[in-house]
There are 2 protein chains.
Amino acid sequence: MQSPLINELIEAFKLLPTIGPKSAQRMAYYLLQNNPNGGKRLAEAIVEAIDKVGHCDQCRNFSETDVCRICASPARKRDQLCIVETPTDVVAIEQSGIYQGLYFVLMGHLSPIDGVGPEDLGLPLLEERLKDGEVSELILATNPTVEGEATAHYIHQMATSMQVPVTRLAQGIPLGGELEYIDSGTLSQAFAGRKAV
Amino acid sequence: MQSPLINELIEAFKLLPTIGPKSAQRMAYYLLQNNPNGGKRLAEAIVEAIDKVGHCDQCRNFSETDVCRICASPARKRDQLCIVETPTDVVAIEQSGIYQGLYFVLMGHLSPIDGVGPEDLGLPLLEERLKDGEVSELILATNPTVEGEATAHYIHQMATSMQVPVTRLAQGIPLGGELEYIDSGTLSQAFAGRKAV
């Protein structure tokens, strides 16, 4: 008995990650009842971003310019290249403030089952970049999952064949983690990688 | 260092209820990376709903037609009128399937502090409706909050002065509720309203 337009709005909100029917209904009625201007702003922001945000020619990250702000910044070290799977990984690393080099965003990981091969991850572009000789350290920061590890292995071999030194983010116990609740795989890595103090 | 358009999209998502910075970021990147068509659909649904959904002339509920589907339905009992605060209350009652009468949606509750008076809740319209003499039972289903009770009291007086019988939703222990965890106010109501079995 609900208005078809409200139903469609609820269905559309359900497309968003983690949003179920109850949350979608709440959002739809909230916009209609309390914040129509906010709704217009959201709709415009979605269309603008989807229409105008493309990929950086150099690092493949999302960018509304041909070359993204990080790649274009003269303040970044151009001899370090950090390989990540997604744009949100870049956001996380940037928030830590620990890294001043450049990125290369795969926009996924190797996954033969889903038909994702090296070309889909822009690895030919990465190969060209490594040939330039500007990169003196390739930092692998793919996720510690099976697919992430396989992707890292592939890129490691490529870089080694071109004499580019490769490093990998340290694996071990996360800060604030409690031993009791840490999975055995992480614990094994932490033991294997233990250091003299 | 994020694209300004992506930043604006994240800010816009944060306008939605219960959505914080992390969820907003996740939604923004999800739409860009995995579901741009879904994003366009969402944007369109928002604009369509905000532009075209108005209020029913009879019950004040959201409707894209002058008279909403419930008010226009010949299947509904026209002598029962249920007073609720918001359109989502109508959705909840409709889902229960227990009620076949009509609604009147206040779109809020009396709140002198926020400057919400009887006119803002459409009470003159309700008064006209009661004068018609078609309504033989007015069911008060406002929220059991201070404002909801005050609003119910006001409407009760209005209806009584016009000889329209008024009922109120039963208050007591909710189905599946455990006595141990029920607040003392509800428990008092349940005791006061106890029935012979």
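Please refer to the structure placed before this passage.
The model shown is predicted, which means the values in this text are computed figures rather than measured ones. (Residues numbered from 1 in each chain as written. Chains lettered and ligands numbered in written order. Predicted model: local features only at pLDDT ≥ 70, side-chain atom pairs only at ≥ 80, totals over all residues. Heavy atoms only, no water.)

Overview of the relation of the copies chain A and chain B
And then number 1: The operation relating chain A to chain B is a screw motion whose rotation component is 180°, with 0.0 Å of axial translation and a residual RMSD of 0.1 Å. When the rotation and shift are considered jointly, the pair of chain copies conforms to a two-fold rotation axis. Identified as the residue of chain A closest to the rotation axis by C-alpha distance is A43 of chain A, at 2.1 Å.
And then number 2: A symmetric contact is evident, with 100% of the interface residues of chain A recurring at the interface of chain B. (Least-squares fit on C-alpha atoms with pLDDT ≥ 70 in both. Contact = heavy atoms within 4.5 Å.)

Structural notes on the pattern of salt bridges
And then number 1: Evaluation of the coordinates by the stated rule reveals 14 salt bridges over all chains.
And then number 2: Put simply, K131 of chain A and E128 of chain A hold a salt bridge, and the shortest N to O gap is 3.8 Å. Of the two residues, K131 of chain A and E128 of chain A are both situated in helix α6 (residues 123–131); the distance of three residues between them amounts to about one turn of the helix.
And then number 3: Between E48 of chain B and K52 of chain B there is a salt bridge, and its shortest N-O distance comes to 3.1 Å. In this pair, E48 of chain B and K52 of chain B are both assigned in helix α3 (residues 36–52), four residues apart and thus about one turn of the helix distant.
And then number 4: For E48 of chain B, a relative accessible area of 30% translates into the label partly exposed. (Salt bridge = Lys/Arg side-chain N within 4 Å of Asp/Glu carboxyl O. Helix = DSSP H or I, 4+ residues; strand = E, 2+ residues; numbered from the N terminus. Buried < 20%, exposed > 50% of the residue type's maximum accessible area, 1.4 Å probe, protein only.)

Section: the interface of chain A and chain B
And then number 1: Taken together, the contact pairs 52 residues of chain A with 53 residues of chain B.
And then number 2: Summed over both partners, the interface of chain A with chain B comes to about 5,300 Å²; 74% of that surface belongs to carbon and sulfur atoms.
And then number 3: Where chain A meets chain B, there are four salt bridges.
And then number 4: For the salt bridge of D51 of chain A with K40 of chain B, the shortest nitrogen-to-oxygen distance reads 2.8 Å.
And then number 5: In this structure, the connection of chain A to chain B is made through eight residue pairs in polar contact (both at pLDDT 80 or more).
And then number 6: The set of elements that each furnish at least two residues to the side of chain A that touches chain B consists of α1 (4–13), α2 (21–33), α3 (36–52), α4 (69–72) and α5 (87–96) of chain A.
And then number 7: It is α3 of chain A that contributes the most residues to the side of chain A that touches chain B, 15 residues altogether. (Buried area = accessible area lost by both parts, 1.4 Å probe. Polar contact = N/O pair within 3.5 Å; in protein donor to acceptor, adjacent residues only side chain to side chain.)

What about the sheet that holds strand β6 (residues 166–168) of chain A?
Residue and element names in this part refer to chain A.
And then number 1: Pairing in this open sheet of four strands is parallel, and the strands run β4-β3-β5-β6 from one edge to the other. If you trace the sheet from one side to the other, it starts and ends with β4 (102–105) and β6, each paired once. For this sheet, the mean angle separating the axes of adjacent strands, direction not counted, is 25°.
And then number 2: Those strands touched by α6 are β3 (80–84), β4 and β5 (137–140), and its axis lies near 150° from that of β4.
And then number 3: Strand contacts of helix α7 (residues 146–161): β3, β5 and β6, with the helix running at about 170° to β5, the strand carrying the most contacts. (Pairing = 2+ DSSP bridges. Axes fitted to C-alpha atoms, helices over the stretch in contact; angles between N-to-C directions.)

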